[in-house]
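# Geometric and topological summary
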Amino acid sequence: MRPMKSAIKLYKEPHRKVCDLLAVWPGIGNVALIIARYIKDKLKAEEIGEIEPFDFFDPIGVMVKSNIVEAPQFPESKFYYWQNPKSDRDLLLFIGDEQPSFKGYDLAGCVLDVSQKLKVKRVYTCAAAIARIHHTEKPKVWGAATNQKLLEVLRKHDVILRGDIQIAGLNGLFLGVAKERGFDGICLLGEVPAYTTRIPNPKAALAVLDILAKILAIDINLADLAKIAKESDEQMKKLAAEAMEEFIDRYTKPVWPPEEEDMGEIEEIEEIEEEDEEDEEDNENGDEEEAK
């Protein structure tokens, strides 16, 4: 088996200036992916390398177009670099199209190998926090960090610190591996309603990116993301209605009158009960006559 480091391919090494890293993979609401792709596109970050997929992914099928089978497709895991003209720290982006079903720890290690080479001082991840909120509410942002000093950074930006939580998937695991390797790190989590976990949530992504941009000192226009977030409200409204219907069906009893068929059964039961009462009265009368 070849060494994992051989999977790393850097096409270009930027000027060795200190930088921060934002590493993301898909997750609930695709919060992390929405953020990283928006940053990449808006800041026009330059692609500088990738991690080849062969050690981490196995294709499970192929696409057929116009009856012709295409070659197997692998998910991409790419690095992008942006030089920040308003700060002494640049930004390195890593965007993974998929989370591997195995060797996630090793993949995180490869990303950190590149981070070490490019003088990354702090790593960031993003994720979703499933919360009991309505989709019309403004999502709050939760946070976690690798040390107490960074918690103070989060407090300055009104990030909620929930104490004991679990961050699932590579967006969480990566931060743990980074700490193991000696990197400082922060994870920001945007609240998503429990009934919207299966669709992209640009509203949560907007809330997280608003804070992340301030921490990173990035000048980025969030208007387009805000527009997308507003447009997503209609889809979330539909999901909220479906969730309410399911709740009513499962946990409530009807308060409206029963249908005619049910009414017939109720009347029949009442007639039987009346006959039983008449029989009991006859028996009591007979007992009284005997006693006399």
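Note that the structure is predicted; figures quoted are calculated from it, not measured.

## A few points about the packing of helix α2 (residues 104-117) against helix α4 (residues 170-180)
- Two elements in contact, α2 and α4, have axes separated by 9 Å at closest approach and are oriented at 60°. The angle between α2 and α4 falls in the class oblique. Pair α2 / α4 crosses with right-handed handedness. Touching Gly104, Tyr105, Leu107, Ala108, Val111 and Leu112 of α2 are Leu170, Leu173, Phe174, Val177, Ala178 and Glu180, all from α4.
- Grouping the amino acids of the contact of α2 with α4 by side-chain chemistry returns 10 nonpolar, 1 polar and 1 charged.

## Some remarks on the side chain of Asn171
- Note that Asn171 resides in helix α4.
- Among the polar contacts made by the side chain of Asn171, one reaches the main-chain carbonyl oxygen of Trp25 at a distance of 2.9 Å.
- With sequence-adjacent residues up to four places away left out, Asn171 is seen in contact with Ala23, Val24, Trp25, Pro26, Ala32, Gln99, Thr125, Cys126, Ala127 and Cys187.

## Regarding the packing of aromatic side chains
- Applying the stated criterion across every chain, the model contains 4 aromatic pairs.
- With 5.1 Å between their ring centres and 75° between their planes, Phe54 and Phe74 make a pair best called edge-to-face. Remark: Phe74 occurs in the loop between β5 (68-69) and β6 (77-82) and Phe54 occurs in the loop between β3 (46-51) and β4 (64-65); sequence separation between them is 20 residues.
- Geometrically, the ring pair formed by Phe79 and Phe94 is tilted, given 5.0 Å between the ring centres and 55° between the ring planes. With Phe79 in strand β6 and Phe94 in strand β7 (residues 90-96), the pair connects residues that are 15 residues apart, well separated along the chain. Of the two residues examined, Phe79 and Phe94, each falls in the buried class.
- Taken together, the ring pairs in this structure connect Trp25, Phe79, Phe94 and Phe174 into an aromatic cluster.
- Positioned over the ring face of Tyr80 is Lys40, at 5.3 Å from the centre of the ring.

## Observations regarding the environment of Ile8
- For Ile8, the location among the structural elements is in strand β1 (residues 8-10).
- Along the backbone, Ile8 and Ile51 are 43 residues apart, and their C-alpha atoms lie at a distance of 4.6 Å.
- Filtering out sequence-adjacent residues up to four positions away, Ile8 remains in contact with Glu50, Ile51, Cys110, Asp113 and Val114.

## As for helix α1 (residues 31-43)
- Helix length check: α1, at 13 residues, gives a terminal C-alpha distance of 18 Å against a target of 18 Å (1.5 Å per residue), a fit within 8%.
- Within the sequence span of α1, burial applies to Val31, Ala32, Leu33, Ile34, Ile35, Ala36, Tyr38, Ile39 and Leu43.
- Looking one or two residues beyond α1, the residue adopting positive phi is Lys44, at roughly 55°.

## Comments concerning the sheet that holds β3
- One open sheet holds the 8 strands; their spatial order is β1-β3-β6-β7-β2-β8-β10-β9, and the pairing between them is mixed. Since the sheet does not close on itself, it has two edges, and those belong to β1 and β9 (141-145), each with one partner. Strand-to-strand twist of the sheet, defined as the mean angle between neighbouring strand axes without regard to direction, takes the value 25°.
- Contacts from α1 reach β2 (19-24), β6, β7, β8 (120-131) and β10 (184-193), with the element oriented near 130° to β7.
- Taken strand by strand, α2 contacts β1, β2, β3, β6, β7 and β8, and its axis lies near 35° from that of β1.

## Some thoughts on the pairing of β2
- Burial analysis of β2 places 6 of its 6 residues in the buried class, the great majority of the element.
- Of the two faces of β2, the one lined by Cys19, Leu21 and Ala23 and the one lined by Asp20, Leu22 and Val24 are each fully buried.
- With 6 bridges joining them, β2 and β7 adopt parallel strand pairing. Paired with Cys19 across the bridge in β7 is Asp90.
- Taken together, the 4 bridges between β2 and β8 define a ladder with parallel strand orientation. Among the inter-strand pairings, Leu22 is bridged to a residue of β8, identified as Tyr124.

About the thresholds
Along each chain, residue indices are assigned from 1 in the same order as the chain's sequence is written. Local features in this predicted model are restricted to residues whose pLDDT is 70 or higher, and side-chain atom pairs enter the listing and the counts only when it is 80 or higher, whereas totals over whole chains, interfaces and linings include all residues. Water and hydrogen atoms were dropped before computing side-chain values, which therefore reflect all heavy atoms in the structure. Note on definitions: angles span 0 to 180 degrees between N-to-C directions of axes, and those axes are lines fitted to C-alpha atoms, for helices only across the stretch in contact. Counting from the N terminus, the helices are DSSP H or I runs at least four residues long and the strands are E runs at least two residues long. Angle categories: roughly parallel below 35 degrees, roughly antiparallel above 145, roughly perpendicular from 65 to 115, and oblique for all the rest. The handedness criterion is simple: a crossing whose near helix is rotated anticlockwise from the far helix by less than a right angle is left-handed, and one whose near helix is rotated clockwise is right-handed. The contact criterion used throughout is that any non-hydrogen atoms of two residues lie within 4.5 Å. Residues were grouped as follows: Ala, Val, Leu, Ile, Met, Phe, Trp, Tyr, Cys and Pro as nonpolar; Asp, Glu, Lys and Arg as charged; and all remaining residues, including Gly, as polar. Under the rule applied, a polar contact is a pair of N or O atoms within 3.5 Å (in protein, one hydrogen donor and one hydrogen acceptor; residues adjacent in sequence only if both atoms are side-chain atoms). Ring geometry is summarised as follows: Phe, Tyr and Trp rings, the Trp one being its six-membered ring, pair when their centres sit within 6.5 Å, and such pairs are stacked at plane angles under 30 degrees, edge-to-face over 60 and tilted between the two. Relative accessibility under 20% of the residue-type maximum defines a buried residue, over 50% an exposed one, and the middle range a partly exposed one, all with a 1.4 Å probe and only protein chains included. By definition, being over a ring means that NZ of Lys or CZ of Arg is both within 6 Å of the ring centre and within 35 degrees of the ring normal. By this rule the span expected of a helix is its residue count minus one, scaled by 1.5 Å. Note: two strands are recorded as paired if DSSP finds a minimum of 2 bridges between them.

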